[in-house]
Amino acid sequence: VAADREVTVLVVDDQEANRLVLKEMLERAGFSVLEARDGREAVASVREFMPAIVFMDIKMPVMDGYAAVEALKRD
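Figured I'd write up the structure that's included with this text.

Brief notes about the pattern of salt bridges
Overall, the coordinates contain six salt bridges when judged by the stated rule. Here glutamate 41 ties to arginine 37 by a salt bridge, and the two come within 2.7 Å at their closest N and O atoms. With a relative accessible area of 26%, glutamate 41 lands in the partly exposed category. Between lysine 73 and glutamate 70 there is a salt bridge; the shortest N-O distance is 3.7 Å.

Observations regarding the side chain of arginine 19
With respect to the helices and strands, arginine 19 occurs in helix 1 (residues 16-28). The buried category is assigned to arginine 19, whose relative accessible area is 8%. Filtering out sequence-adjacent residues up to four positions away, arginine 19 remains in contact with Val11, Asp13, Asp14, Glu35, Ala36 and Arg37.

Describing the pairing of strand 1 (residues 8-12)
Taking burial as the measure, the five residues of strand 1 include five buried ones, the bulk of the element. Of the two faces of strand 1, both are covered, the one formed by Thr8, Leu10 and Val12 as well as the one formed by Val9 and Val11. Of the pairings in the sheet, the one linking strand 1 to strand 2 (residues 32-36) comprises five bridges and is parallel in character. Counted as the bridge partner of leucine 10 is leucine 34 from strand 2. Handedness of the crossover joining strand 1 and strand 2 through helix 1 is recorded here as right-handed. Alignment of strand 1 against strand 3 (residues 53-56), held across four bridges, turns out to be parallel. Bridged to leucine 10 within strand 3 is valine 54.

Looking at the sheet that holds strand 2
Strands belonging to one sheet form pairs held by backbone hydrogen bonds; the direction of such a pair is parallel or antiparallel. In spatial order, the strands read 2-1-3; together these three strands make up an open sheet with parallel pairing. Because the sheet does not close on itself, it has two edges, and the strands there are strand 2 and strand 3. For this sheet, the mean angle separating the axes of adjacent strands, direction not counted, is 20°. Seen against the sheet, helix 2 (residues 39-49) touches strand 1, strand 2 and strand 3 and runs at an angle of roughly 170° to strand 1.

Parameters at a glance
Residues numbered from 1 in each chain as written. Predicted model: local features only at pLDDT ≥ 70, side-chain atom pairs only at ≥ 80, totals over all residues. Heavy atoms only, no water. Salt bridge = Lys/Arg side-chain N within 4 Å of Asp/Glu carboxyl O. Buried < 20%, exposed > 50% of the residue type's maximum accessible area, 1.4 Å probe, protein only. Helix = DSSP H or I, 4+ residues; strand = E, 2+ residues; numbered from the N terminus. Contact = heavy atoms within 4.5 Å. Pairing = 2+ DSSP bridges. Right-handed = clockwise from strand over helix to strand, strands pointing away. Axes fitted to C-alpha atoms, helices over the stretch in contact; angles between N-to-C directions.

Written out as structure tokens, the structure reads:
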């Protein structure tokens, strides 16, 4: 990521350890990282913050990754 740019990424996973690993890697590369624990949180975060990239887990409680992506496509 260029020093003069801010690129926001959303990491979505119900496992905190998985989010943490990816978050640390992305932050070291210069990204600004948001986190969500399930698809419903992901949809709300995308609507509010409009991240450039979303890393989405598939199997999650509340709303899985497939349903979250479908909801985002409808938006």
